[in-house]
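Given next are the chains, with one letter for each unit.
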There are 2 protein chains.
Amino acid sequence: MTQCDKSTAAKPQKLNRKAAENYGSENYGKLPLNKSQERTGVQRTRIIDINASRAGETVSIRARVHTSRVTGKIGFFVFRHQDSTIQGVLQVDEKVVSKGFVKFAANVPDESIVIIEGVVSKPNEEIKSTTVSDAELQIKKFYVVHETLGRLPFSLEDASRCEEEINKEDSQFSRVTLETRLNHRVVDLRTTANHGIFRIQSGVCQLFREFLLSKSFIEIHTPKIVGASSEGGANVFAIKYFKGSAYLAQSPQLYKQMCICSDFERVFEIAPVFRAEDSNTHRHMTEFVGLDLEMAFEEHYHEVLDILDELFVFIFDGLKTRFASEIETVKRQYPSTNFEYLPKTLRLDFKEAVQLLRDHERFLGKLIKEKYNTDFYIIDKFPLAVRPFYTMQDPYDKNYSNSYDFFMRGQEILSGAQRIHDPTLLEEHAKELGVDLRSIQPYVDSFKRGAPPHAGGGIGLERVVMLYLNLDDIRRCSLFPRDPKRLEP
Amino acid sequence: MTQCDKSTAAKPQKLNRKAAENYGSENYGKLPLNKSQERTGVQRTRIIDINASRAGETVSIRARVHTSRVTGKIGFFVFRHQDSTIQGVLQVDEKVVSKGFVKFAANVPDESIVIIEGVVSKPNEEIKSTTVSDAELQIKKFYVVHETLGRLPFSLEDASRCEEEINKEDSQFSRVTLETRLNHRVVDLRTTANHGIFRIQSGVCQLFREFLLSKSFIEIHTPKIVGASSEGGANVFAIKYFKGSAYLAQSPQLYKQMCICSDFERVFEIAPVFRAEDSNTHRHMTEFVGLDLEMAFEEHYHEVLDILDELFVFIFDGLKTRFASEIETVKRQYPSTNFEYLPKTLRLDFKEAVQLLRDHERFLGKLIKEKYNTDFYIIDKFPLAVRPFYTMQDPYDKNYSNSYDFFMRGQEILSGAQRIHDPTLLEEHAKELGVDLRSIQPYVDSFKRGAPPHAGGGIGLERVVMLYLNLDDIRRCSLFPRDPKRLEP
């Protein structure tokens, strides 16, 4: 392949090739680097919009070369755009496609970005290896927009292979490990399953907000740099802050409650949360996205619990209807059972579940699935002793508390409670639990200015996505995950 | 006032008072601390929903005591809920309201949270000091939900006073300074203007997303903890990260571009951005909210510029129609001219604006306002030398670049550009500008895997809100602002 001279003219560059092969040389080649040389208003077709009904039509697509297989005068290509793929056929003819054209195309490395012009045609039989199965492209023009350099860390075909196929006893395929994927995340993220996962992640946020905005919540943004490590002091990252020091917020807990003290009544936030916890498990990261909310109520914290419950059912309903195709895409690589839930969510009191819960959190999920056929349930009324210092005690049994956890497939995805809104009781309870009062003084003081009863919760976004799709590691649901051993890329 | 005994019974507590005054004692008092004792399904009325047409109706509201003035047998109260206020009248009668009742109510400190039951009535004349002007409440029941402790740092009346009134030559009012407000932010945030500001802020985010989701963007979340200070190295906060060190991301720039390399095509993020800049001005903070987006394009970066332009017009239109009442509320305290913009945004090339822009950024805004009657315009094609290393040069003049800034009221609120998507050119240009290549290697490598031409921009949320409302300090648009000297509350 020849070198690109990076001229500024936006015309495909002619390549130096034998005169005999040189007809139609304007139909292929490497485009000069795009510096926005011109704007013609060209319209491209998305692969997803191509099907048999458009046979005969000439279309122009921008896509990646997913795979190519060229033998002599004919080449078969798979072009990919996001989660869609289509087959392209390039065949030597006497006017448009020269041998030189085919040779050029054969040498374009996988994953390069190309612009293909072709005629839509119906294949003789259904194409099973591409998402567009009833149409292919007869390639007439083939331009390289941007070429990959060097060897890819793994092929997209390998990275996209179904887990079941890899796990077969006689499987000839080895797995692209999570470690390798994360080391080369930019390539890994191109798989259709990953596009599905992150569209679903975007969808969860969208549904979360849509529901809460419809319930008169407002979106807030609270500081991530804080002056004191306010929630117990452990597991907090320290920052050098000019001549002093500061910390990274472990949650927006105190600030969202302060917004309640400022009469915002119903607030939510979607923001990063930082935990300096040296846990190297499949479900811990040092940075994740928190979906947080807090709400004043009139009489009983179950007013808030009801909203949270409704919120999740809204999210699950929305995923099922709006993201059905993404869910299917993920399942093609990571097969799993559908996520089941009940129109009226199962709620258990902690006492009902206590023996099983403590040591067998996941086992409880299994039991409940068998008995009620749901992957989603709520446990209410945890013992006071196992909850943070700002949790309100049960009015009738001081060993218990007005707190709750939500579970998906047996794992906790939301933790929440009624909070103590009285400064005297808050100080007392903090003291009992050994919390350093000095570090929480501005927080305690907020309640001296009068506060309504309120409750709320915090949700881990990546956990929701992981458990909804039944994936095995939370890192698969974070674009660029962070853990005690990973800061790159 | 007697002490609350915090019993768990959710009945108002009888007070110890003279027998003669003791009729109707069940109609007032301090409620026990709410621990979710019971759930009766009580319905409260919002102040904003009360008007003259409901005269004669008995309603129950939860509100704060904004002000109270009691003389002998009659008391006038203003009750506040978020940005609504209503007058309440409490008058001694022979059956329900005893002298003891009035005395109790008179002693409830301002800003306490109360539940008031009353009969809606038409006042003799329009009430100008409350937002509900054609109705007041004849108070029948008066319960304290949560009482303020100690002296308030300032009264809400003082904190809500119109700037024009304070600035009058013969004004008897002194200003509650921004410093004092921020020191007691939980109280300050209760003003109706602040409720307006933060609902507008929430609205900007909502409109931003609504527009971009309709244009097939997806929402992403990129890491805030990064292994290398990737954008030049200056102004970055360092973190202790287990046994090593890390940094706080100064923008999602590199990561959102990596998502483009992973074929997400159109991405946006709303997330905190951190700058360790020792600037103590009215428009700098060390942490703010970035509205970022990045988009692959077909031919020309103006495809992206058009989307950004349309986005802002959509936001401005949406604010005007959906947040008209909040804008009016803010203006009542901070009077300003309407924000003006054109249906077709004014765009100037840098060269056209060059002399004025460099030293007189704000002056240019004034000139443009006079000539075109717009507070919003775009400047395109900045000199390459003043832009970051990843900016694409102009195809026809290498001293200029495919970069742009957006301005509101003469101040920059968006900065963006076509980015260099070729690794060789990127390395060359980084070297020329003295950027340490080792620190950006994973970023440069992303482009070796093939990347489409792309452009994007980053918007400062608080700046947009500040300039839209013509406020004098960005801290007024951050719930809990952070600057080199402020980490609390």
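About the thresholds
In this convention, every chain numbers its residues from 1, walking through the sequence in written order. All chains are assigned letters beginning with A, and all ligands numbers beginning with 1, in the order in which they are written. Local features in a predicted model are, by the rule used here, given only for residues with pLDDT of at least 70; side-chain atom pairs are given and counted only at 80 or more, and totals for whole chains, interfaces and linings are based on all residues. Excluding hydrogens and water, the side-chain figures rest on all heavy atoms present in the structure. Helix and strand definitions follow DSSP, with helices as H or I runs of at least four residues and strands as E runs of at least two, each counted in order from the N terminus. Burial classification: accessible surface area is computed with a 1.4 Å probe over protein chains only, and a residue below 20% of its type maximum counts as buried, one above 50% as exposed, and the rest as partly exposed. Contacts: residue pairs with any heavy atoms within 4.5 Å of one another. Neither His nor the chain ends contribute to the count of charged residues, in which Lys and Arg are positive and Asp and Glu negative. We put the charge of a Lys on NZ, of an Arg on CZ, of an Asp on CG and of a Glu on CD. Where a domain begins and ends is set by an automatic assignment or by a domain database. Each of two parts loses accessible area, computed with a 1.4 Å probe, when they are put together; buried area is these two losses added. We define a salt bridge as a side-chain nitrogen of Lys or Arg found within 4 Å of a carboxyl oxygen belonging to Asp or Glu. Should DSSP find at least two bridges between two strands, the strands are regarded as paired.

(A) A look at the overall build of chain A. Within chain A, the secondary structure is distributed over 14 helices and 17 strands. Structurally, chain A occupies a C-alpha span of about 90 × 60 × 40 Å along its principal axes. Per-residue burial over chain A gives 61% buried out of 489 residues. In chain A, once contacts between residues fewer than 6 apart in sequence are set aside, the share between residues at least 24 apart is 69%. Of the charged side chains in chain A, 67 are positive and 69 negative; the average position of the first set lies 7 Å away from that of the second.

(B) Molecular detail of the domain arrangement of chain A. Residue and element names in this part refer to chain A. When cut into domains, chain A gives domain 1 (44-146), domain 2 (156-188) and domain 3 (192-477). With centres defined by C-alpha atoms, the gap from domain 2 to domain 3 works out at 33 Å. Contact with domain 2, which involves 11 residues of that partner, is made by 9 residues of domain 3. Taken together, the two surfaces of domain 2 and domain 3 that pack against each other cover about 850 Å², and 49% of this comes from carbon and sulfur.

(C) Representation of the interface of chain B and chain A in the model. In this complex, chain B contributes 119 residues to the contact, which on the side of chain A involves 119 residues. Taken together, both faces of the contact between chain B and chain A bury some 10,200 Å²; the carbon and sulfur share is 56%. Looking at the side of chain B facing chain A, the largest losses of area belong to B:His221, B:Glu299 and B:Arg449, adding up to 8% of the total buried there. In this structure, the connection of chain B to chain A is made through 14 salt bridges.

(D) Structural context of the pattern of salt bridges. Applying the stated criterion to the full structure yields 78 salt bridges over all chains. Close ionic contact of A:Lys30 with A:Glu147 constitutes a salt bridge, the shortest N to O distance being 3.5 Å. Of this pair, A:Lys30 sits in strand β1 (residues 28-30) while A:Glu147 sits in the loop between β6 (136-146) and α2 (156-159); the two residues are 117 residues apart in sequence, bridging distant segments of the chain. One exposure class covers both A:Lys30 and A:Glu147, and it is buried. Notably, a salt bridge pairs B:Arg64 with A:Asp263, separated by 2.8 Å at the nearest N-O pair. Here B:Arg64 is found in strand β2 (residues 58-71), whereas its partner A:Asp263 is found in the loop between α7 (253-261) and β11 (266-274) on a different chain. Judged by relative accessible area, A:Asp263 falls into the buried class, the value being 6%.

(E) Expanded view of the sheet that holds strand β16 (residues 411-419) of chain A. All names here are of chain A. Strand order in the open sheet formed by 8 strands is β7-β11-β12-β17-β16-β15-β14-β13, with mixed pairing between adjacent strands. Every other strand in the sheet has two partners, leaving β7 (218-219) and β13 (346-349) as the edge strands with one partner each. The pairing of β11 with strand β12 (residues 287-296) spans 9 bridges and is antiparallel. Across the sheet, Ile 270 pairs through a bridge with Leu 291, a residue of β12.

(F) Molecular detail of the pairing of strand β14 (residues 376-380) of chain A. Residue and element names in this part refer to chain A. Most of β14 is tucked away, with 5 of its 5 residues classed as buried. By the alternation rule, side chains of β14 split into Phe 376, Ile 378 and Asp 380 and Tyr 377 and Ile 379, which are all buried. Two elements, β13 and β14, share 4 bridges in a ladder whose sense is parallel. Residue Asp 349 lies in a different strand from β14, and its bridge partner there is Asp 380.

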